[in-house]
Amino acid sequence: MTAADAAGTVRIAYSPCPNDTFVFDAWAHGRIPGAPALDVTFADIDITNGLAERGEDGEFDVLKVSYAVLPWVLEEYALLPCGGALGRGCGPLVLTREPGVDLTGKTVAVPSERSTAYLLFRLWAADVLPEGVGKVVVLPFHEIMPAVRDGRVDAGLVIHEARFTYRDYGLHCLADMGEHWESTTGLPIPLGAIIAKRSLGADALRALAESARTSVRMAWEDPEASRPYVREHAQELDPAVADQHIGLYVNEFTADLGEAGYAAVRGLLTRAAAEGLVPAIAADALAFP
């Protein structure tokens, strides 16, 4: 393996978010018979997106990234058919201080311009804001809601647990990007993907996918087993919010993308390419060995 040691350890980077620690708990703690050991690095998804784009000389075998970054990395990485985050009713939100704000010409804070959330926002804006927003600024995720609350930006695009906590900041949901996506496509919302180095070879990629799928199923069979790992890396989250987070982002598509999952990913990247937001991908680029 490119970044694996002689013992077959796999170097993996994923976020400390509850859905990722829930999904990978069994694998990370050696509870899957025959699965390779994991050397885990925790990194926010904007960091892992950058690692995937740069290649980093094979530093990581497996990465959790945004589906939005796939057009730039699919030559080196294969999309695993499991372990990621798709779903329904779990999309990014556009938040404002007052309800019903017209964002034409206004400033919107986003967590990354290489995120699925950003693509969904741009596709929404193309449909409902014909004259466009005035300016997009990138802020760290944890700074976005305070920036909206304090009037430093007119709106903010937020993800994950902010769906449950934005009212604590006195903010209003102007639009739900996932709701818009689902209503216009009928497809689930593609958010985070698990990718692995193609240079590992087809057999290794299939083994990695099976380990990820087994880890998901073990987490479902014994949710209590993952709680210490989830809590350790989500210390600022209320346990009930962490449970809500897992409930939204770990679902049937995490175990297997399936026909609907692949259609959602292709649909997102095709629409985004038509808007000039990402490069077009080859017809077989998402195929798994």
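For the structure itself, look to the data block above.
Conventions used here
- Residues numbered from 1 in each chain as written.
- Predicted model: local features only at pLDDT ≥ 70, side-chain atom pairs only at ≥ 80, totals over all residues.
- Heavy atoms only, no water.
- Buried < 20%, exposed > 50% of the residue type's maximum accessible area, 1.4 Å probe, protein only.
- Helix = DSSP H or I, 4+ residues; strand = E, 2+ residues; numbered from the N terminus.
- Arc of directions from axis to C-beta.
- Contact = heavy atoms within 4.5 Å.
- Phe/Tyr/Trp six-rings, centres within 6.5 Å; stacked < 30°, edge-to-face > 60°.
- Lys NZ or Arg CZ within 6 Å of the ring centre and 35° of its normal.
- Polar contact = N/O pair within 3.5 Å; in protein donor to acceptor, adjacent residues only side chain to side chain.
- Pairing = 2+ DSSP bridges.
- Axes fitted to C-alpha atoms, helices over the stretch in contact; angles between N-to-C directions.
- Parallel < 35°, antiparallel > 145°, perpendicular 65-115°, else oblique.
- Left-handed = near helix turned anticlockwise from the far one by under 90°.

### Section: helix α9 (residues 223–233)
- Taken residue by residue, α9 has Ser 226, Tyr 229 and Val 230 as its buried positions. An end-on view of α9 places all buried positions within 100° of arc, on one side of the element.
- Looking at the packing, one finds that the buried side of α9 touches β1 (10–14), α1 (18–28), β2 (38–42) and α10 (239–249).

### Focus on the packing of aromatic side chains
- Taken as a whole, this structure holds five aromatic pairs when the rule is applied.
- An angle of 10° between the planes, with centres 4.5 Å apart, marks the rings of Tyr 14 and Phe 24 as stacked. Of this pair, Tyr 14 sits in strand β1 while Phe 24 is found in helix α1, placing the two residues 10 residues apart along the sequence. Accessibility classification places Tyr 14 together with Phe 24 in one group, the buried group.
- Between the aromatic rings of Phe 24 and Trp 27, the centroid separation amounts to 6.2 Å while the plane-to-plane angle is 35°, which identifies the pairing as tilted. One end of the pair, Phe 24, and the other, Trp 27, are both in helix α1, three residues apart, so they sit about a helical turn from each other. Like Trp 27, Phe 24 is buried.
- Aromatic ring contacts, followed pair by pair, group Tyr 14, Phe 24, Trp 27, Phe 42 and Tyr 229 into a single cluster.
- The ring of Phe 60 has Arg 11 sitting right over it, with the charged end atom 4.7 Å from the ring centre.
- Positioned above the aromatic ring of Trp 72, the side-chain terminus of Arg 114 is 3.7 Å from the ring centre.

### Some remarks on α10
- Listing the buried residues of α10 in full gives Val 241, Ala 242, His 245, Ile 246, Leu 248 and Tyr 249. For α10, the angular spread of the buried residues around the axis is 165°, confining them to a single face.
- Buried residues belonging to α10 abut α1, β5 (85–87), α6 (162–165), β11 (189–197), α9 and α11 (252–255).
- Measuring from the backbone nitrogen of Ala 240 back to the side-chain oxygen at the start of α10 gives 2.7 Å, which picks out Asp 238 as the cap.

### Remarks on the sheet that holds strand β10 (residues 172–176)
- Pairing is mixed across the open sheet formed by five strands, whose spatial order is β8-β7-β9-β6-β10. Unpaired on one side and paired on the other, β8 (135–138) and β10 mark the two borders of the sheet. When the angles between neighbouring strand axes are averaged without regard to direction, this sheet yields 30°.
- Alignment of strand β7 (residues 107–110) against strand β9 (residues 155–158), held across two bridges, turns out to be parallel. Bridge pairing links Val 108 to Ala 155 in β9.
- Along the sheet face, helix α5 (residues 141–149) touches β6 (93–96), β7 and β9 and points at about 150° away from the line of β9.
- With respect to the sheet, helix α7 (residues 177–185) is in contact with β6, β9 and β10, its orientation differing from that of β10 by roughly 25°.

### Some remarks on the packing of α1 against α9
- Here α1 crosses α9 at 120°, and the two axes come no closer than 8 Å. In terms of axis orientation, α1 runs oblique to α9. Pair α1 / α9 crosses with right-handed handedness. Note on element contacts: α9 touches α1 through Pro 223, Ala 225, Ser 226, Tyr 229, Val 230 and His 233, opposite Pro 18, Thr 21, Phe 22, Asp 25 and Ala 28.

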